[in-house]
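Below, each chain spelled out in residue letters.
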Amino acid sequence: MAQSPFEWIDEQARARRRAGLVRTLRPRPADSALLDLAGNDYLGLARHPEVTEAAARAARTWGGGATGSRLVSGSTELHAELERELAGFCGFESALVFSSGYAANLAAVTTLAPHGSLIVSDAGNHASLIDGCRLARGTTQVVAHADPDAVRKALHTRTGPALVVSDTVFSVDGDAAPLADLAAACREFGAALVTDDAHGLGVLGDGGRGALWAAGLAGAPDVVTTVTLSKSLGSQGGAVLGPAHVIDHLVNAARTFIFDTGLAPASAGAALAALRLLRREPERAARARAVATALYERLTAAGLEAVRPHAAVVSVRAPSPEQALRWAADCREAGLAVGCFRPPSVPDGISRLRLTARADLTDGQLDRAVRVIIEARR
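Residues numbered from 1 in each chain as written. Predicted model: local features only at pLDDT ≥ 70, side-chain atom pairs only at ≥ 80, totals over all residues. Heavy atoms only, no water.

A short note on the overall build of the protein
For the protein, the helix and strand inventory stands at 14 helices and 12 strands. What you see for the protein is a C-alpha radius of gyration of 21 Å, in line with the 21 Å of a compact globule of 378 residues. A principal-axis box enclosing the C-alpha atoms of the protein has dimensions of 55 × 55 × 50 Å. A total of 378 residues make up the protein; the buried ones form 52% of that total. (Helix = DSSP H or I, 4+ residues; strand = E, 2+ residues; numbered from the N terminus. Rg over C-alpha atoms; globule rule 2.2 N^0.38 Å. Buried < 20%, exposed > 50% of the residue type's maximum accessible area, 1.4 Å probe, protein only.)

Laid out in structure tokens, this is it:
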């Protein structure tokens, strides 16, 4: 009898079990008693009445789905309104909404790195940026994490167009990229800077306008950024922001825009409502940062090893994948949901708990979270 064509899958599954790296889906109920420090709802807007009502209203008005790609039937007045307000809020000339942040990153990198170009990519970049580099027709050079000198060295060898690609806030440890220095390196060699501000929007910058705004780079003619609508804005989807002629190019050339169904109207409506709420309540951004700092200071004071957060992500190191998994499970048993990052999701191979600060976290909930994490580790 011939060997099963998927025998290799079974062997990989056995290897994952031996290494303690098996991942499983855990559907959550609509209502849960768990205190959530695992999701990315940084501003606590995913269940805000204004946001959920806007989603329902958009679905009633425009239907349950976009019905087609953005260039066929998937663009509504709601999408255009969201793009205008998102670009204006973040300080960019134009914006283009995608069905996910992942799709937005693939579009930005692949479309702006043609054949013969050089892509310089930070070693700590998110998987979506990495996949964009792999799919692009340019040549990719991976450089040391958050190292502008390494970027300069890579750009010095280029012969064609060049693109420097980096997260603004890295999703694993929550550390920030040196954006001003990266922009200076790009301008020294005539390269473009493309950033992923998924974890900066809503948390950094004046009233949550993002890391590019905070760095004084918003609206620059040589800077493009992507954002997600699924974190601070509590919805789903993504967008690319930049000069109008760059966004027009994406409309005509980005495969994840042209061939993908548009973002569902409910998601667009929810994101727009959340954006307007953030504009009205800018203090939410500062509160998210304050909660992250408090988590870091109290956990490190208790002897845990953590990375100082620059936005809303707090990373706490664990001795091994197995112990990280057990630590997270014990937290959950005590009523606290935390993220558990293990290889291959972490580029350095170090397992950790990943905590996400929320602007709507009360002081009492913060006390409880810190107590549970410390006691579960012991």
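Now that the structure has been shown, we can carry on.
Considering helix H1 (residues 7–19)
With 13 residues, H1 should cover 18 Å at 1.5 Å per step; its first-to-last C-alpha distance of 19 Å lies within 8% of that length. Once H1 finishes, Gly-20 follows within two positions and takes phi at roughly 70 degrees, a positive value. (Expected span 1.5 Å × (residues − 1).)

Observations concerning empty space enclosed by the protein
Within the structure shown, the criterion is met by 3 cavities of 30 Å³ or more. Space inside the largest cavity adds up to approximately 50 Å³. What lines the largest cavity is Val-120, Asp-122, Val-143, Ala-144, Ala-146, Asp-147, Val-151, Val-164, Val-165, Ser-166 and Leu-182. For the lining of the largest cavity, the secondary-structure elements that each account for two or more residues are strand E3 (118–122) and strand E5 (162–167). Counted by class, the lining of the largest cavity contains 8 nonpolar, 1 polar and 2 charged residues. Empty space within the second largest cavity amounts to approximately 40 Å³. What lines the second largest cavity is simply Arg-70, Val-97, Phe-98, Ser-99, Thr-256, Phe-257, Asp-260, Thr-261, Gly-262 and Leu-263. Mapped onto the lining of the second largest cavity, the elements with two or more residues apiece are strand E2 (94–98) and helix H10 (255–258). Across the lining of the second largest cavity, the residue classes break down as 4 nonpolar, 4 polar and 2 charged. (1 Å grid on protein atoms, 1.4 Å probe; cavity = no way out; pocket = protein on both sides within 12 Å on 5 of 7 lines; lining within 4 Å. Points joined across faces, edges and corners; volume = space filled by probe spheres on them. Nonpolar A, V, L, I, M, F, W, Y, C, P; charged D, E, K, R; others polar.)

Remarks on the domain arrangement of the protein
Its domain assignment divides the protein into domain 1 (33–47 + 282–377) and domain 2 (49–280). Counting each side, the surface lost to burial between domain 1 and domain 2 is near 2100 Å², with a carbon and sulfur contribution of 62%. Contact with domain 2 buries area across many residues of domain 1, yet Leu-45, Pro-282 and His-310 alone supply 26% of it, more than any other trio. Applying the counting criterion to the domain 1 and domain 2 interface returns 2 salt bridges. Between Asp-173 and Arg-352 there is a salt bridge; the shortest N-O distance is 2.9 Å. Inspection of the region where domain 1 meets domain 2 yields 7 residue pairs in polar contact (both at pLDDT 80 or more). Put simply, the parts of the chain that give the side of domain 1 that touches domain 2 at least two residues each are helix H12 (283–301), strand E10 (313–317) and strand E12 (352–356). (Domains from an automatic or database assignment. Buried area = accessible area lost by both parts, 1.4 Å probe. Salt bridge = Lys/Arg side-chain N within 4 Å of Asp/Glu carboxyl O. Polar contact = N/O pair within 3.5 Å; in protein donor to acceptor, adjacent residues only side chain to side chain.)

Digging into the pairing of strand E6 (residues 192–196)
Among the 5 residues that make up E6, 4 are buried, leaving the element largely enclosed by the rest of the structure. Pairing geometry for E5 and E6, over 5 bridges, is parallel. Among the inter-strand pairings, Leu-163 is bridged to a residue of E6, identified as Ala-192. A crossover connection joins E5 to the parallel E6 through helix H7 (residues 179–189); in handedness this β-α-β unit is right-handed. Relative to strand E7 (residues 223–228), E6 runs parallel, the two being bridged by 4 bridges. (Pairing = 2+ DSSP bridges. Right-handed = clockwise from strand over helix to strand, strands pointing away.)

Notes on the sheet that holds E6
The sheet built from 7 strands is open, its strands ordered E2-E8-E7-E6-E5-E3-E4 with mixed pairing. Every interior strand has two partners, whereas the edge strands, E2 and strand E4 (139–143), have only one. Averaged over neighbouring strand pairs, the angle between their axes works out to 20 degrees when direction is ignored. Summarising the sheet, E3 and E5 pair through 4 bridges and their orientation is parallel. Across the sheet, the residue bridging to Val-120 is Val-164, located in E5. Here helix H5 (residues 127–135) sits on the sheet in contact with E3, E4, E5 and E6, set at roughly 160 degrees to E5. On top of the sheet, helix H6 (residues 148–155) reaches E3, E4 and E5; it is set at about 165 degrees to E3, its chief contact. (Axes fitted to C-alpha atoms, helices over the stretch in contact; angles between N-to-C directions. Contact = heavy atoms within 4.5 Å.)

Structural notes on the pairing of E4
In this structure, E3 lies alongside E4, joined through 5 bridges in parallel fashion. For Val-120, the partnering residue across the bridge sits in E4 and is Gln-141. In the classification by handedness, the crossover that spans E3, the intervening H5 and the parallel E4 is right-handed.

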